[in-house]
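Inside the fold
One-letter residues, chain by chain:
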Amino acid sequence: MHIIEWTSDFALGIDEIDEQHRALVGMINALDSSTHEKYSPEKMRKLLADLSDYVRDHFGFEERLMAGSGCTQEFVTRHCGEHAYFRSVLRDLTSDFESGRRSITVPLIEYLVHWLLHHIAVVDRAMAHQLNATEPELGARVAAALMQEVTDDLTESERHLLAELRRANDQVELQVQERTRALSEKNRQLEAELRELKAQVERLSAQRIAGG
């Protein structure tokens, strides 16, 4: 069972973009599978890299399409801002994974799913209305109406991500504390062993002196 099942409801009527969205859905499904199965770090790293590369190319395609169309500048600026935001999330996620600070978790996958589906259903659909409109002014009004829904949903997405980041940071802090305790205990053991060795040396020295 995939975390996202592609349906015709996601289709925007722009074939190349629809195909790219289907590919993105497949990549996120593959990344989700990696959280439930025994994937190697190398395989997960490859999935993240492929997703990041594809997102970069897909967003670039949409941005070039908007630049040569009748989309309003306000909409293009906002749309490109969302693209930049998601790219930054993927960069941070990849960086944290590479450094070992965070693994790919179910809440993070759910966040990616939430963002992607919202972006397709609202922001990209608003773009399609402007690209396909025979009356640009009407297309712009429809797009503006759709975009009114964005702020609250993105705020909820950001809260979801921040909660996950806090949870991850708490885990890191606990690991640091546990490692510090383990190192302190090891130091105590080494100091005790050193004291015992020094005592043995002193006893041996005393025995040699007494025997001499």
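Provided above is the structure to which this section pertains.
An account of the accompanying structure is given in this report.

Here is what the cut-offs are and how they apply
Residues numbered from 1 in each chain as written. Predicted model: local features only at pLDDT ≥ 70, side-chain atom pairs only at ≥ 80, totals over all residues. Heavy atoms only, no water. Core = buried A, V, L, I, M, F, W, Y, C linked by side-chain atoms within 4.5 Å. Buried < 20%, exposed > 50% of the residue type's maximum accessible area, 1.4 Å probe, protein only. Helix = DSSP H or I, 4+ residues; strand = E, 2+ residues; numbered from the N terminus. Contact = heavy atoms within 4.5 Å. Expected span 1.5 Å × (residues − 1). 1 Å grid on protein atoms, 1.4 Å probe; cavity = no way out; pocket = protein on both sides within 12 Å on 5 of 7 lines; lining within 4 Å. Points joined across faces, edges and corners; volume = space filled by probe spheres on them. Nonpolar A, V, L, I, M, F, W, Y, C, P; charged D, E, K, R; others polar.

Ranked by size, the top nonpolar core spans 26 residues in total, and within it Ile28, Leu31, Leu51, Ile104 and Leu112 carry the most contacts. Elements with a contribution of two residues or more to this core: helix H1 (15-36), helix H2 (41-67), helix H3 (73-99) and helix H4 (106-132). It is H4 that provides the largest number of residues to this core, a total of eight residues. Apart from residues lying up to four places away in sequence, Ile28 is in contact with Ile3, Ile4, Leu51, Ile109, Leu112, Val113 and Leu116. With twelve residues, the next largest nonpolar core counts Leu12, Ile17, Val123 and Ala126 among its residues.

Since the α-helix turns once every 3.6 residues, residues separated by three or four places project in the same direction. With 27 residues, H3 extends 39 Å between its outermost C-alpha atoms, agreeing within 8% with the 39 Å of an ideal straight helix rising 1.5 Å per residue. Those residues of H3 that sit buried are Phe75, Val76, His79, Glu82, His83, Phe86, Val89, Leu90, Leu93, Asp96 and Phe97. Gly100 sits one or two positions beyond H3 and adopts a positive phi of about 85 degrees.

What follows covers empty space enclosed by the protein. Tallying each qualifying case throughout the model produces one cavity of 30 Å³ or more. Lining the largest cavity are Leu24, Ile28, Leu51, Val55, Phe59, Phe86, Trp115 and Leu116. The set of elements that each furnish at least two residues to the lining of the largest cavity consists of H1, H2 and H4. Take the lining of the largest cavity: its biggest share by element is three residues, from H2. Here the residues of the lining of the largest cavity are counted per class, giving eight nonpolar, no polar and no charged.

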